[in-house]
Amino acid sequence: MTERKQFRAIKGTRDILPPDSSLWNWFEQGARDVFESYNYREIRLPIFEETELFSRSVGLETEVVSKEMYTFNPDENPFTPQYGKLEHELFVAGATYSLRPEATASVCRAYIEHGMHTLPGNVKLYYMGPMFRRERPQKGRYRQFYQIGAEVLGQSDAPAIDAELIEMLMVFFARVGLTKTTLYVNSIGDKNCRPAYVERLREELRKVKDQLRDDSQRRIETNPLRVLDSKLPEEQPIIEKLPRIAEHLCDACREHFAKLKDELKLRRIGYEENWRLVRGLDYYTRTTFEVIAEGLGSQNAVCGGGRYDGLVKLLSGPPTKGIGFAIGSDRSILSIQEGGAAPKLGGLSVFIAWMGEAAYLGGVGIARKLRAAGLSVELPPEEMKFKKALGLADKLGARYALILGEDEITAGKFTLKNMADGAQRKYSEGQLLEYLESERRGSG
Ligand code: HAM
């Protein structure tokens, strides 16, 4: 007989188990609360799209599109040849599909598809969910990872939009205890000034080509800006001598960047300028920013974002300005945990230790009332000796044990044991509910 295979999560993907999942929910709820307070609303997007949406937006030459996408051709599914005809009816002939490596492209696609440019004011959206990139897995880098993103689309590119978006991001990070962070900002110019700068950079890079490694050599021709991203120690002295974009911005871009910095100061947001922050996706113009956090090693960017004023038009939509960011949830949560700032969340409030038929019947009713009051309650489905029940309550981390025996039911008085200090008190049902509810409010 052949041995049965045991399945494991695919490399680069992982299960998020309790109690970590509570921390994830808390983190995501924090984002919802903060973003909604800035008048952003959630958009839910598909997890796969036409490949071309990403190649056009993010760029064919980028690492993300050229190497890291999970792409499939629906006509070529060996398991379901009978669906071939259906695929032809449902999907665009000859198109391939990709798991989304990011969601800005999808937001722009949806903005165009639903005519959102006719909505009043700026369109402010946020999203959260898994993204997929075929990268080499390591600490803080996964093939299925999670982002929380926010995007503003509309007619205006006022620097106040950029600054408010960044303020919202930093308010959120502060709220979840991610305070040991550095915010880097830069401007990479626009279609009027960047092409000349890129050409200048390319010329300078060609002069030092021999001193650069393979990747950088290749990028001189494909995407010279990406050379600035290099982390190789031997390339650093060369890069530091290259021409800097700040000295090549056109007047409009320079003014936009200066105003953004004034706005950040107005909002008391600490930042560092980083002329090498060019970001790895092609759609950016003007403002780019990134936040790095402590305790993460090399994969320390917890958020990246920037302006993408030409993207909606590039996707055949109306001329539209846009800016946004995406937070990497996996890394942010890792950093919160490593920094010891993770809150102790939820957990079991009450374990009902019951013995005897009457106690069980009473317990079912009490459990339902306590749960309706928002408490987390465990009612064992089978009878257990009190000693064993209290032992289990302890192992499950229950804050209280409610002791129900025949006597308690007859007297209508129940003993509540505080599991932390062992203190016991008797309550009537009404008092019990009132006490536990006030405790819940206090601890919540
Ligand atoms: P990004 O810089 O490619 O930007 O990704 C944003 C964040 O996602 C990163 O800073 C990082 O925290 C997280 N991240 C990226 N790849 C991985 C991975 N393999 N494993 C774990 N975390 C990862 C974007 O995706 C843009 N769409 C952001 C944006 C929105 N720009 C404008 N609007």
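Keep in mind the model is a prediction, meaning the values are calculated, not measured.

About the criteria used
- In this convention, every chain numbers its residues from 1, walking through the sequence in written order.
- Selection of residues for local features in this predicted model requires a pLDDT of at least 70, selection of side-chain atom pairs for listing and counting requires 80 or more, and totals for whole chains, interfaces and linings are taken over all residues.
- The side-chain quantities take in all heavy atoms of the structure and omit both hydrogens and water.
- Helix numbers and strand numbers start at the N terminus; a helix is a DSSP run of H or I with at least 4 residues, a strand a run of E with at least 2.
- Accessible area is worked out with a 1.4 Å probe on protein chains only. A residue is then buried under 20% of its type maximum, exposed over 50%, and partly exposed in between.
- Only heavy atoms matter for contacts: two residues are in contact if any of them lie within 4.5 Å across the pair.
- Every accessible area reported is derived by Shrake-Rupley at a probe size of 1.4 Å, with residue values counting cover from the shown protein chains alone.
- We count Lys and Arg on the positive side and Asp and Glu on the negative side, and we leave His and both chain ends out.
- To locate a charge, the coordinates of NZ of Lys, CZ of Arg, CG of Asp or CD of Glu are taken.
- Boundaries of every domain are those given by an automatic assignment or by a domain database.
- Note on geometry: axes are lines fitted to C-alpha atoms, helical ones only across the stretch in contact, with angles between N-to-C directions running from 0 to 180 degrees.
- Comment on the angle field: the value is read as roughly parallel under 35 degrees, roughly antiparallel over 145, roughly perpendicular from 65 to 115, and oblique elsewhere.
- Throughout, a crossing is termed right-handed when the near helix is turned clockwise from the far one, and left-handed when it is turned anticlockwise from it by less than a right angle.
- Gly counts as polar in this scheme, as do all residues outside two lists: the nonpolar Ala, Val, Leu, Ile, Met, Phe, Trp, Tyr, Cys and Pro, and the charged Asp, Glu, Lys and Arg.
- Only strands that DSSP links by at least two bridges are regarded as paired with each other.
- Each helix should span, by expectation, one fewer than its residue count multiplied by 1.5 Å.

(A) Here's a closer look at the overall build of the protein chain. Each helix and strand in the protein chain was counted, giving 16 helices and 16 strands. In the protein chain, buried positions account for 48% of the 444 residues. Once local pairs closer than 6 in sequence are excluded, the contacts in the protein chain between residues at least 24 apart make up 71%. Working note: accessible area of the protein chain is about 23400 Å², and carbon and sulfur atoms make up 51% of it. With 64 positive and 63 negative side-chain charges, the protein chain shows a spacing of 2 Å between the two charge centroids.

(B) Inspection of the domain arrangement of the protein chain at higher detail. Segmenting the protein chain into domains produces domain 1 (20-191 + 251-338), domain 2 (194-248) and domain 3 (350-443). For domain 2 and domain 3, the distance between their C-alpha centroids amounts to 68 Å.

(C) View of the packing of helix α6 (residues 159-175) against helix α10 (residues 251-266). Between α6 and α10, whose axes approach to 8 Å, the crossing angle comes to 40°. Our classification of the angle between α6 and α10 gives oblique. Once α6 is placed against α10, the crossing between them reads as right-handed. Contacts from Pro 159, Ala 160, Asp 162, Ala 163 and Ile 166 of α6 reach α10 at His 256, Lys 259, Leu 260, Glu 263 and Leu 264. Of the residues that constitute the contact of α6 with α10, the class distribution is six nonpolar, one polar and three charged.

(D) Up close: the pairing of strand β11 (residues 321-328). Most of β11 sits out of view: seven of its eight residues are buried. Where strand β6 (residues 144-154) meets β11, eight bridges bridge the pair, whose relative direction is antiparallel. Within β11, the position partnered with Ala 150 by the bridge is Phe 325. Pairing of strand β10 (residues 301-307) with β11, which is carried by five bridges, proceeds in the antiparallel orientation. Looking at the pairing, Arg 307 lines up with Ile 323 of β11.

(E) Quick peek at helix α13 (residues 357-372). Given a rise of 1.5 Å per residue, 16 residues ought to cover 22 Å, and the 23 Å separating the end C-alpha atoms of α13 matches this to within 8%. Taken residue by residue, α13 has Ala 359, Gly 363, Ile 366, Ala 367 and Leu 370 as its buried positions. Downstream of α13 by a residue or two, Gly 374 has a phi angle that is positive, lying close to 95°.

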